[in-house]
Amino acid sequence: MPTRILPAVGDADAARSITTLLSQLPDAEPVPPVVDSTQLIDTLARLAAESIDELPEVVVVHERIGPVPALELIREVALRFPAVGVILVTSDASPGLFQAAMDYGARGLVALPLGYEELAVRVQAVAQWSVGVRRHLGAGGDVFTGVGGTVVTVSGAKGGVGATLTSIQLALAAQASGRSTALLDLDLQAGDIASFLDVQFRRSVVDLAAITDISPRVLADAVFPHDTGVALLLAPGEGERGEEVTDRAARQIVSALRSRYEVVVVDCGAQIGGAGAAAVEMADTALLVTTPDVVAVRGAKRTVRMWDRLQIRKAEETTVVVNRHSRGTEIQPPLIQKITGTAVAGTVIPANFKELQGAVDAGRVHDLDGRSTVRQALWGLAAELGLLKGSEGPGHRAGKLKGGDRSAIGFRRRRELGR
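Please read all numbers here as calculations on a predicted model, not as lab measurements. (Residues numbered from 1 in each chain as written. Predicted model: local features only at pLDDT ≥ 70, side-chain atom pairs only at ≥ 80, totals over all residues. Heavy atoms only, no water.)

Some points on the overall build of the protein chain
Phase 1: What the protein chain contains, in helices and strands, is 14 helices and 13 strands.
Phase 2: For the protein chain, the proportion of its 419 residues judged to be buried stands at 55%.
Phase 3: Sequence separation of 24 or more characterises 78% of the internal contacts of the protein chain that already satisfy a separation of 6 or more. (Helix = DSSP H or I, 4+ residues; strand = E, 2+ residues; numbered from the N terminus. Buried < 20%, exposed > 50% of the residue type's maximum accessible area, 1.4 Å probe, protein only. Contact = heavy atoms within 4.5 Å.)

A few points about the environment of Tyr104
Phase 1: If you trace the backbone, Tyr104 turns up in helix α4 (residues 95–104).
Phase 2: In this structure Tyr104 comes out as buried when scored by relative accessible area, which is 4%.
Phase 3: On a C-alpha basis, the gap between Tyr104 and Leu73 in space is 8.9 Å, while along the polypeptide they are 31 residues apart.
Phase 4: Not counting residues within four places of it along the chain, the set of residues in contact with Tyr104 comprises Leu71, Glu72, Ile74, Arg75, Ala78 and Arg248.
Phase 5: Looking at Tyr104, its side chain comes within polar contact range of the side chain of Arg248, at 2.4 Å. (Polar contact = N/O pair within 3.5 Å; in protein donor to acceptor, adjacent residues only side chain to side chain.)

Side note on the sheet that holds strand β12 (residues 318–322)
Phase 1: The mixed open sheet is built from 8 strands, whose spatial order is β8-β9-β7-β10-β6-β11-β12-β13. The outermost strands of the open sheet, each flanked by one partner alone, are β8 (224–225) and β13 (343–344).
Phase 2: Where strand β7 (residues 181–185) meets strand β10 (residues 263–269), 5 bridges bridge the pair, whose relative direction is parallel. The residue of β10 that forms the bridge with Leu184 is Val266.
Phase 3: Relative to the sheet, helix α9 (residues 247–260) contacts β6 (150–156), β7, β9 (231–233) and β10, its axis offset from that of β7 by approximately 165 degrees.
Phase 4: Sitting on the sheet, helix α11 (residues 294–309) is in contact with β6, β11 (285–290) and β12, with an inclination near 150 degrees to β11. (Pairing = 2+ DSSP bridges. Axes fitted to C-alpha atoms, helices over the stretch in contact; angles between N-to-C directions.)

Considerations on the side chain of Gln252
Phase 1: Topologically, Gln252 is positioned in helix α9.
Phase 2: Those residues in contact with Gln252 that sit more than four places away from it in its chain are Glu72, Arg75, Ile211, Thr212, Asp213 and Ile214.

As for α11
Phase 1: With 16 residues, α11 extends 22 Å between its outermost C-alpha atoms, agreeing within 8% with the 22 Å of an ideal straight helix rising 1.5 Å per residue.
Phase 2: Along α11, the residues classified as buried are Ala296, Val297, Gly299, Ala300, Thr303, Val304 and Trp307. The buried side chains of α11 occupy one side of the element, clustering within an arc of 155 degrees when seen end-on. With respect to the buried face of α11, the exposed residues turned more than 90 degrees away are Val295, Arg298, Arg302 and Arg309.
Phase 3: Here the buried face of α11 lies against β6, α10 (274–282), β11, β12 and α12 (333–340). (Expected span 1.5 Å × (residues − 1). Arc of directions from axis to C-beta.)

Brief notes about the side chain of Arg80
Phase 1: As for its position among the elements, Arg80 is in helix α3 (residues 70–80).
Phase 2: Looking at Arg80, its side chain comes within polar contact range of the side chain of Glu76, at 2.8 Å.

Examining the confidence of the model for the protein chain
Residues shown with low pLDDT carry predicted positions that ought not to be read at fine detail.
Phase 1: Mean pLDDT over the protein chain works out to 87, with 90% of the residues at or above the 70 mark.
Phase 2: Residue range residues 139–147 is modelled with pLDDT below 50. Its contacts to residues more than four positions away, or to other chains, number 21 contacts.
Phase 3: A low-confidence stretch, residues 395–419 (pLDDT under 50), is modelled with 93 contacts involving residues beyond four sequence positions or located in other chains. (pLDDT = per-residue confidence, 0-100.)

Examining the pairing of β7
Phase 1: Most of β7 sits inside the fold, with 5 of its 5 residues counted as buried.
Phase 2: Side chains Thr181, Leu183 and Asp185 project from β7 onto one buried face, and the interleaved Ala182 and Leu184 project onto a second face that is buried too.
Phase 3: Strand direction decides the pairing type here: β7 and β9, joined by 3 bridges, are parallel. Across the sheet, the residue bridging to Ala182 is Ala231, located in β9.

Section: the nonpolar core
Phase 1: Within the largest apolar cluster, 48 residues are counted, with the highest numbers of intra-cluster contacts made by Leu184, Val205, Val245 and Leu257.
Phase 2: In contact with Leu257, other than residues within four places in its own chain, are Ala182, Leu184, Leu219, Leu233 and Val264. (Core = buried A, V, L, I, M, F, W, Y, C linked by side-chain atoms within 4.5 Å.)

Quick notes on the packing of helix α6 (residues 163–176) against helix α14 (residues 373–384)
Phase 1: Where α6 contacts α14, the axes come no closer than 9 Å and their chain directions differ by 65 degrees. Classified by the angle their axes make, α6 and α14 are roughly perpendicular. Here the hand of the crossing between α6 and α14 comes out right-handed. Where α6 abuts α14, its residues Leu165, Thr166, Gln169, Leu170, Leu172, Ala173 and Ala176 lie against Arg375, Leu378, Trp379, Leu381 and Ala382.
Phase 2: The class makeup of the residues in the contact of α6 with α14 is 9 nonpolar, 2 polar and 1 charged. (Parallel < 35°, antiparallel > 145°, perpendicular 65-115°, else oblique. Left-handed = near helix turned anticlockwise from the far one by under 90°. Nonpolar A, V, L, I, M, F, W, Y, C, P; charged D, E, K, R; others polar.)

What about the packing of aromatic side chains?
Phase 1: Across all of its chains, the model carries 0 aromatic pairs by this definition.
Phase 2: Lying over the aromatic face of Tyr104, Arg75 brings its terminal NZ or CZ to 4.2 Å of the ring centre.
Phase 3: The aromatic ring of Trp379 is capped on one face by Arg375, whose charged end is 3.7 Å from the ring centroid. (Phe/Tyr/Trp six-rings, centres within 6.5 Å; stacked < 30°, edge-to-face > 60°. Lys NZ or Arg CZ within 6 Å of the ring centre and 35° of its normal.)

Structural notes on the pattern of salt bridges
Phase 1: Here the structure, examined in full by the defined rule, presents 9 salt bridges.
Phase 2: For Glu281, the salt bridge goes to Arg251, with nearest N and O atoms at 2.3 Å. Pair noted here: Glu281 is in helix α10 and Arg251 is in helix α9, with a separation of 30 residues, a long-range link. We note that Glu281, like Arg251, is buried.
Phase 3: The partner of Arg258 in a salt bridge is Asp284, with the nearest N and O atoms 2.8 Å apart. Here Asp284 lies in the loop between α10 and β11 and Arg258 lies in helix α9, a separation of 26 residues in the sequence. With respect to class, Arg258 is no different from Asp284; both count as buried.
Phase 4: The network of salt bridges with shared partners includes Asp198, Arg364 and Asp367. (Salt bridge = Lys/Arg side-chain N within 4 Å of Asp/Glu carboxyl O.)

So this is what it looks like as C-alpha cells:
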C-alpha cells in the first residue's frame, strides 16, 4: 500500500524540491502541497470527516510554513489528528530543537538540505507508526473531525469602549443558537468577565499556562460551566499572575479550546501583551471595538498600526465595531473606516446605557432583556460574523494571514509588548 505524504511548505521553490524528492521514495504517493497552516488543518479536517483512512500517513512540515509557527502547528496536528505522523524539515538539527519537536508531537526531524537516504528512512518509520496507530484506533478512533472552532478576538481601542460586554454577548448569542461556545478572558490584569456574569471561581487561565499538553480532562477542570451553557476560562483574580500566560501558552490554550468548542470568543482587553497578540494573530476574526469619538478612534488607529508593525494582523484583516453609535454623532462608521483602514461591521451598537445599567450593576449581563436594542444589535453582530448556527458570515477562517517569514521554526520572535 502506498504511503500518502502531504507536504506543508509555504515557499514555492522549496515545495517543488521537497515534492520531487518525496516522489522518488519507494511506495510514496505525495499529494499536492498545502501552502500555509490554515490550509493544512482544513485539509486534514475535511479528510478526517470522511474517514480516518482518508488521512495521509505522513505530513511533512517545513520550518517556515506560517502563519502559525511550525512547532505550534505540529502540536495542533498531533492533538486533533493523532493517526497522522508529522516530520519537521528544518535547517536547525540541534539536539535542543529535536527534543522540542518531539515534545510538540513530531515523529521525526529531517535536516536541510534534504538527503534521499535520511528522508526515506524517516518517512518509512513514521508511516509504519501511523499504520500501527490506525490499527489500534480503528473506525471509532478519537479523532477530532470538525473544521475546528471559529475563534473571534475582541479588543478595545481604549479602556471602557465595551469590549467585554461585546465579548460576552457574542458568546451568549452563539451558545443560544445551539453552538458549543467558550469565552476566554485574556484581559489578564483587569479581566471583568467574572464580575459581569456573577461568577465566583477558583481556577483561571493561569492554571493552564505551564501545562505543555492540555488534554480534554485538564481543560475541563480549568473551565467554569456557566448557567447559560457558555464555558468560561477566566482571567486570574490576582492581576500580577497574568505575566505567567506567555504568547506560547496562549497559543496552546486557544488551540485546545478551538479543538473542543465550535465558537471561541476571546476578550483581549485594551492593553494587548504577548498572549493577546498571539490570540489576535490566530483568530479567524479580529474585532476592534471603538466608540465614535476622537480619542477612541485615534486609539483604534494606533492599535491597527501597532498590529501591522508587529506583523500581528493587517488593517484590512481587522473589523472595527462601532459601539454607542447615534445618528447625531459627527464621527460615523464610513469615516472610521477611512481613518483606520479596516473593515467596519455593518451592525452598529446603539448608545443606550440605561438599558444596560441594571444588568451591569447587578453583575448579570446574561439577564439583559431580550427587547434591549443593545442586546439585539450585539446578537445581530454575532449573526453577521457567522457565529450563529445556520448563519453565514466572515467568521469561518476568513482573514487568516498566509505564509511568510513570520513563523520561523516555531519559536516566536520576541515582542516588546508589555515589557
